[in-house]
Amino acid sequence: MTYLPAIHPVAGRNFNPKEEDLVKITEELYRSTQPLKLESGRELTEYHLLYTTFGKLNPERNNVVWVCHALTGNSNPSEWWPGLFGPGKVYDPEKFFVICANMLGSCYGSTNALDKNPATAKPYFHDFPTPTNRDIVGAFIQLRKSLGFEKVHTLIGGSMGGQQALEWAIIEPDVFENLIGVSTNAHHSPWGIAFNESQRMAIVNDATFKESKPDAGLEGMKTARTIALLSYRHYLTYQRTQEEDTTEKTDDYLASSYQQYQGEKLKKRFNAYSYWRLSKAMDSHNVGRGRGSIEKALSQIKANSHFVGIRSDILFPIDEQVFLASHVDDASLDIIDSLYGHDGFLIEWEAIGASIEKFYRRVMVAV
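These numbers were taken from a predicted model, which means no experiment stands behind them.

Attention now moves to the overall build of the protein chain. From N to C terminus, the protein chain includes twelve helices and 13 strands. Relative to its length of 367 residues, the protein chain is compact, with a C-alpha radius of gyration of 20 Å against a globular reference of 21 Å. Structurally, the protein chain occupies a C-alpha span of about 65 × 55 × 45 Å along its principal axes. For the protein chain, the computed accessible surface area is about 16,000 Å², with 51% contributed by carbon and sulfur atoms. On the protein chain, the mean spot of the 38 positive side-chain charges and the mean spot of the 45 negative ones are 4 Å from each other.

Right, dumping it as structure tokens:
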């Protein structure tokens, strides 16, 4: 067990919690006991998931909160959603038992391209199969069953994590009492796919990505991240935070150095194989696949459902959350104003927390 202080994932500053606000974290490794067949037709004969838990599981085992993380997130939501998880927060460890598993294909502890292929005893590298969001959820389901959680109080996720939460609520509608999706959608848009494809083109244009080595494609991924950042933010974000205080510059702009900094930051903590495959998994997201239509798929959700959108979000625009709220039975919706575009789902803790608490009051949910 460790005590981890939260780090603000977007502004790049320490959250600096007080000692009493530190969350007692337990990390566990789940190893599958059965193969996982993927939508592509390929199969992982064995795999593992790193998952984090904190809080107290009550005797009735009905206070489980399952969190699905975003594209480059990890299994510790108290790091990237510190305003929602911790003593006195919406998800207080004294009231809830929180679990978050690192998604399949990510380099934060779960099986990914740098792990050994059991068939060859060598790292997968480019041979690692590309999972869909539905495949990732399939792995989560096996973990849930292994832990003996027949019911989950709340399933919550933002962005790509919200996509997975939707998939899961459709696949296992009787498991979840409440569903919360923040800045997410029912299918990934052509706009979102185009952004991801441009990022993958940047990775491919890094000649090292053809090589089978852990650091392949990192410079390309650095560029990819700067492309992504433009979709995560908004015109006004840069106007407010990167505007020059002089009219005399002709080079070395704040916005330029900021893009370089953000690309370098991801380069130090992620790998191009995971970035490539997980962006493909995001593109695959369509809850209507094999279910007749998106509307029919959403109608299968039984959980009390709540969706939160960010008004300035250009990657997952609020029309997508309005659609969800319109097609999930008796769902509620809140739209939050933010300077930070899509990244507002990671930053606007107070507003999101207040929205969640209002939702719980609406459905009269308590622990």
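A separate point is helix 10 (residues 318-327). Every buried residue of helix 10 is listed here: Glu 320, Gln 321, Leu 324 and Ala 325. For helix 10, the angular spread of buried residues about the axis comes to 135°, placing them on one side. Across helix 10 from its buried face, at more than 90 degrees, point the exposed residues Asp 319 and Ser 326. Among the structural elements, helix 3 (160-171), helix 9 (294-298), strand 12 (304-310) and strand 13 (332-336) are those in contact with the buried residues of helix 10.

Moving on: the nonpolar core. In terms of nonpolar packing, the biggest core is built from 74 residues, with Trp 66, Trp 168, Leu 179, Tyr 275, Leu 298 and Ile 301 touching the most fellow members. Per-element accounting of this core gives the leading share, seven residues, to helix 8 (residues 272-283). When sequence neighbours within four positions are dropped, the list of residues in contact with Tyr 275 reads Leu 71, Thr 72, Gln 199, Ile 203, Met 221, Ala 224, Arg 225, Ala 228, Tyr 232, Leu 266 and Phe 270. With 28 residues, the next largest nonpolar core counts Ala 70, Trp 81, Val 90 and Ile 336 among its residues.

Now for the state of the cysteines. Across all of its chains, the model carries zero disulfides by this definition. Between Cys 107, a free cysteine, and Cys 100, which holds the nearest cysteine sulfur, the sulfur-to-sulfur gap is 14 Å. For Cys 107, a relative accessible area of 21% translates into the label partly exposed.

Along the polypeptide, Tyr 51 turns up in strand 5 (residues 48-55). The exposure class assigned to Tyr 51 is buried, which follows from its relative accessible area of 10%. Distance from Tyr 51 to Phe 307, taken between C-alpha atoms, is 25 Å for residues 256 residues apart in sequence. Other than its neighbours up to four places away in sequence, Tyr 51 contacts Thr 26, Glu 27, Glu 28, Leu 29, Tyr 30, Ser 75, Ile 99, Cys 100, Ala 101, Leu 143 and Leu 147.

It is worth spelling out the pattern of salt bridges at this point. Going through the model one piece at a time under the given rule, you end up with 19 salt bridges. For Glu 167, the salt bridge is made with Arg 134, and the minimal N-O distance between the two is 3.1 Å. Taken together, the positions of Glu 167 in helix 3 and Arg 134 in helix 2 (residues 133-147) put the pair 33 residues apart, joining distant regions of the chain. For the pair formed by Glu 167 and Arg 134, the shared burial category is buried. Salt-bridge contacts for Lys 358 lead to Asp 334; the nearest nitrogen and oxygen are separated by 3.0 Å. One end of the pair, Lys 358, is in helix 12 (residues 349-363); the other, Asp 334, is in strand 13, with 24 residues separating them in the sequence. Judged by relative accessible area, which is 42%, Lys 358 ranks as partly exposed. A relative accessible area of 15% means that Asp 334 is categorised as buried. Linked by salt bridges that have partners in common, Glu 39, Arg 134, Glu 167, Arg 289 and Arg 291 make up one network.

Let us look at unusual backbone geometry. Backbone geometry at Ser 159 places phi at a positive 60°, although glycine is not the residue there. By secondary structure assignment, the location of Ser 159 is in the loop between strand 10 (152-158) and helix 3. Owing to a relative accessible area of 5%, Ser 159 belongs among the buried residues under this scheme. Of note in the backbone geometry, Ser 183 takes a positive phi value of approximately 50° without being a glycine. Residue placement: Ser 183 occurs in the loop between strand 11 (176-182) and helix 4 (190-204). Taking the relative accessible area as the measure of exposure, Ser 183 reaches 0% and is therefore buried.

Moving on to the packing of aromatic side chains. Evaluation of the coordinates by the stated rule reveals 21 aromatic pairs. A ring pair is formed by Trp 81 and Phe 85, whose centres lie 6.4 Å apart and whose planes are at 20°; its orientation type is stacked. The residues Trp 81 and Phe 85 share a single accessibility class, namely buried. On the basis of an interplanar angle of 25° and a centroid distance of 5.2 Å, the ring pair of Phe 85 and Tyr 91 is categorised as stacked. On the basis of relative accessible area, Tyr 91 is assigned to the buried category, the value being 0%. Over the aromatic face of Trp 276 sits the side chain of Arg 200, whose NZ or CZ is 5.9 Å from the ring centroid.

Across the five residues that make up strand 7 (residues 97-101), a large majority, five, are buried. Of the two faces of strand 7, both are covered, the one formed by Phe 97, Ile 99 and Ala 101 as well as the one formed by Val 98 and Cys 100. Strand direction decides the pairing type here: strand 5 and strand 7, joined by five bridges, are antiparallel. Counted as the bridge partner of Phe 54 is Val 98 from strand 7. The pairing of strand 6 (residues 64-68) with strand 7 spans four bridges and is parallel. Looking across to strand 7, one finds that Trp 66 is bridged to Ile 99.

Cut-offs applied
- Residues numbered from 1 in each chain as written.
- Predicted model: local features only at pLDDT ≥ 70, side-chain atom pairs only at ≥ 80, totals over all residues.
- Heavy atoms only, no water.
- Helix = DSSP H or I, 4+ residues; strand = E, 2+ residues; numbered from the N terminus.
- Rg over C-alpha atoms; globule rule 2.2 N^0.38 Å.
- Areas by Shrake-Rupley, 256 points an atom, 1.4 Å probe, with all protein chains shown as cover.
- Lys, Arg positive; Asp, Glu negative; His and termini not counted.
- Charge placed at Lys NZ, Arg CZ, Asp CG, Glu CD.
- Buried < 20%, exposed > 50% of the residue type's maximum accessible area, 1.4 Å probe, protein only.
- Arc of directions from axis to C-beta.
- Contact = heavy atoms within 4.5 Å.
- Core = buried A, V, L, I, M, F, W, Y, C linked by side-chain atoms within 4.5 Å.
- Disulfide = S-S within 2.5 Å.
- Salt bridge = Lys/Arg side-chain N within 4 Å of Asp/Glu carboxyl O.
- Phe/Tyr/Trp six-rings, centres within 6.5 Å; stacked < 30°, edge-to-face > 60°.
- Lys NZ or Arg CZ within 6 Å of the ring centre and 35° of its normal.
- Pairing = 2+ DSSP bridges.

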